[in-house]
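# Observations on the three-dimensional arrangement
Residues per chain, in single letters:
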Amino acid sequence: MSGNVILVGAGPGDPGLLTVKGREALAQAEVVVYDRLISPAILAMIPEGAEAIDVGKRAARHTVPQREINQILLRKAQEGKHVVRLKGGDPFVFGRGGEELEILAENGIDFQVIPGVTSAVAAAAYAGIPVTHRDCCSSLHVVTGHRREGTALDIQFRALVQGGGTLVFLMGVGALPEIVSGLLEAGMAPNTPAAMVERGTTPCQRRCGGTLSNLPERAAEMGISSPAVIVVGQVCAQAEKFDWFSRLPLKGRRILVTRPKERAGALSEKLRALGADVTEYPCIATVPLDPCPELEEALGRLSRYEWLAFTSPAGVEAVWRCLGRLGRDARAFGNIKLAAIGGGTAKALEGHGLSADLVPEVYDARHLGMALAGAAKARVLILRAQEGSPALTEALSGAGVSYDDIAVYRTIYQNPRWAELRRALDAGELAYVTFTSASTVKGFVSTVGADADFGKIVGLCIGEQTAGEAEKHGIPVQVAEKATVDALVALAAKACRER
Ligand code: SAH
């Protein structure tokens, strides 16, 4: 079996700027060799079980020399592995992608290249700088400001200035004064608009605007450091007007997402789209009860029930696992009516080709119980977590509706990386924590320790029950208008605006 190597451009920072093709390649990878500056959200897409090799380089001091990286790629491909070489921005824009391909070509290894969104264009775009504009320039030059040790910059300043195009310098932070004096000496007007964009497209992006002559001073005042692009040209004059990214409502706000890994994606993406600095920190994990004789028995006698109630997507998935093991499918549910606690659970059912007959107006256990109490004429089967809320069964008992309440999964209230979270909380680095269920609150509290000072954070809660649990632990809360991800995101935007 022969291996191969795919060079994949990971984009400049915002994980949403990884291409669809790049993501697909990553999903198939057996070995991923990655650089520094690759977003944790992209690294999280590396399949479980794939070998991840960090060859991150630091300016001047290479942690893994290029020659060795080339050898790793070659060796892994020769072992028959599907290798993804994940590189910041675009692999061929000052990415040394060419050098890596050379050794593969020499050795007859199959390779492909998936271009990426380069920081040269994207950092500018996120700072409101269109790298070209019909009215003021007809070319774009991407230039490296990196010089080999002990040598002067190798830049044709005169040619660049004569060209009159937009200039973008990568790896130029250290050489900024020389770049500026080179351009001035070559005749560029000192008042030419110029800018630097530090950590472009990430929640920490900063833009430093000015003119060619005052850029070094301004950059020093702001303490701009690598990675940053330097942009020089009339197009920079537009930046103030077009700077959309820094105006996003959650720009740079650190928000913790505590929901389980497999459910975090949509919430994180929506928060990131508003500029938030999202940390995914699952505080609970669900584990299907396996084997689960009670569930198997109930699935074998579904005709006894009029209604089947689900209170989470995890419950739906646990039931499907069991059904699959019994060699059955959705037809098992024939005439039974299906109740889902909320939109997410209804969607999980839809994923299996079933639509919910009942979803309460307010997505919580009590309202599900009340809605079922009104609708049920015969026995209800509840399939949910081991420690499900009593509010559901109380509502049914109160209305005289009979039920069976079967646990199909259990929840683990811990994240093994607890020390990290506790340190961030104690240091006041955590401002906003999203809670999408009472169990995420329990998981968060048991992860950081009940003795922590929760007064420093704001718990953004999806609903009243979640908020009630948070308040028990002294967490100041704000509650979404509706128990949906969109309403929670809107709440985050409102909370940040008011602070
Ligand atoms: N292949 C990469 C560039 C690698 S050279 C690309 O296409 O983007 C590394 C340089 O890229 C850094 O010194 C910096 O100038 C620039 N860079 C990379 N990521 C950046 C970011 N998020 N914001 C600003 N500049 C960035």
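First, a word on what this report is: a plain description of the structure on this page. Remember, predicted model here, so these are calculated numbers, not experimental data. Residues take numbers from 1 onward in each chain, read along the sequence in its written order. Residue-level local features of this predicted model are given only where pLDDT is at least 70; pairs of side-chain atoms are given and counted only at 80 or more, and the full residue set underlies all totals for whole chains, interfaces and linings. Calculated side-chain values reflect all of the structure's heavy atoms, with hydrogen atoms and water omitted.

Glancing now at the overall build of the protein chain. Scanning the protein chain from terminus to terminus reveals 19 helices and 20 strands. Reported as C-alpha extents along the three principal axes, the dimensions of the protein chain are approximately 90 × 60 × 45 Å. The rule is simple: take the accessible area with a 1.4 Å probe, protein chains only, and divide by the maximum for that residue type; under 20% is buried, over 50% is exposed, in between is partly exposed. In the protein chain, which comprises 499 residues, the share counted as buried stands at 50%. By definition in these notes, contact holds between two residues if any of their heavy atoms fall within 4.5 Å. Across the protein chain, contacts joining residues at least 24 apart in sequence account for 68% of those joining residues at least 6 apart. When the accessible surface of the protein chain is summed, it comes to about 23100 Å², and 50% of that surface belongs to carbon and sulfur atoms. Helix and strand labels come from DSSP, where a helix needs a run of H or I of at least four residues and a strand needs a run of E of at least two; each type is numbered from the N terminus. All accessible areas in this document rest on Shrake-Rupley with a 1.4 Å probe, and a residue is counted as covered only by the protein chains that are shown.

As a further point, take the sheet that holds strand 11 (residues 254-257). Strands qualify as paired when DSSP identifies two bridges or more between them. Strand order across the open sheet formed by five strands is 12-11-18-19-20, with parallel pairing between neighbours. The outermost strands of the open sheet, each flanked by one partner alone, are strand 12 (277-280) and strand 20 (477-479). Pairwise comparison of adjacent strand axes, ignoring direction, gives a mean angle of 25° for this sheet. Sheet topology places strand 11 next to strand 18 (residues 432-435); three bridges connect them, and they run parallel. In the sheet register, isoleucine 255 faces strand 18, and the bridge partner there is tyrosine 432. Note on geometry: axes are C-alpha line fits, over the in-contact stretch for helices, and angles between N-to-C directions span 0 to 180 degrees.

The next thing to look at is the nonpolar core. Soluble globular proteins tend to pack their nonpolar side chains together in the buried interior. The set of buried Ala, Val, Leu, Ile, Met, Phe, Trp, Tyr and Cys residues whose side-chain atoms join them within 4.5 Å is what this entry labels a nonpolar core. Within the largest apolar cluster, 29 residues are counted, with the highest numbers of intra-cluster contacts made by Leu295, Phe333 and Leu383. Among the elements of the structure, helix 11 (293-300), strand 14 (307-310), helix 12 (313-325), strand 15 (337-340), helix 13 (343-350), strand 16 (380-385) and strand 17 (403-412) are those that each provide at least two residues to this core. With six residues, helix 12 is the largest single contributor of residues to this core. Each residue touching phenylalanine 333, except ones within four places of it in the same chain, is listed here: Leu299, Leu302, Leu308, Val319, Trp320, Leu323 and Leu354. Counting 25 residues, the second largest nonpolar core, distinct from the first, contains Leu153, Leu160, Leu215 and Ala219.

Looking now at the packing of helix 12 against helix 13. Contact geometry of helix 12 with helix 13 gives a least axis separation of 8 Å together with a crossing angle of 25°. Taken together, the axes of helix 12 and helix 13 are roughly parallel relative to one another. Residues Pro313, Val316, Glu317 and Trp320 of helix 12 touch helix 13, and the partners they reach there are Gly344, Thr345, Ala348 and Leu349. Polarity classes work like this: nonpolar for Ala, Val, Leu, Ile, Met, Phe, Trp, Tyr, Cys and Pro, charged for Asp, Glu, Lys and Arg, and polar for all others, with Gly in that last group. Residue composition of the contact of helix 12 with helix 13, by class: five nonpolar, two polar and one charged. Note on angle classes: values under 35 degrees are labelled roughly parallel, values over 145 roughly antiparallel, values of 65 to 115 roughly perpendicular, and the remainder oblique.

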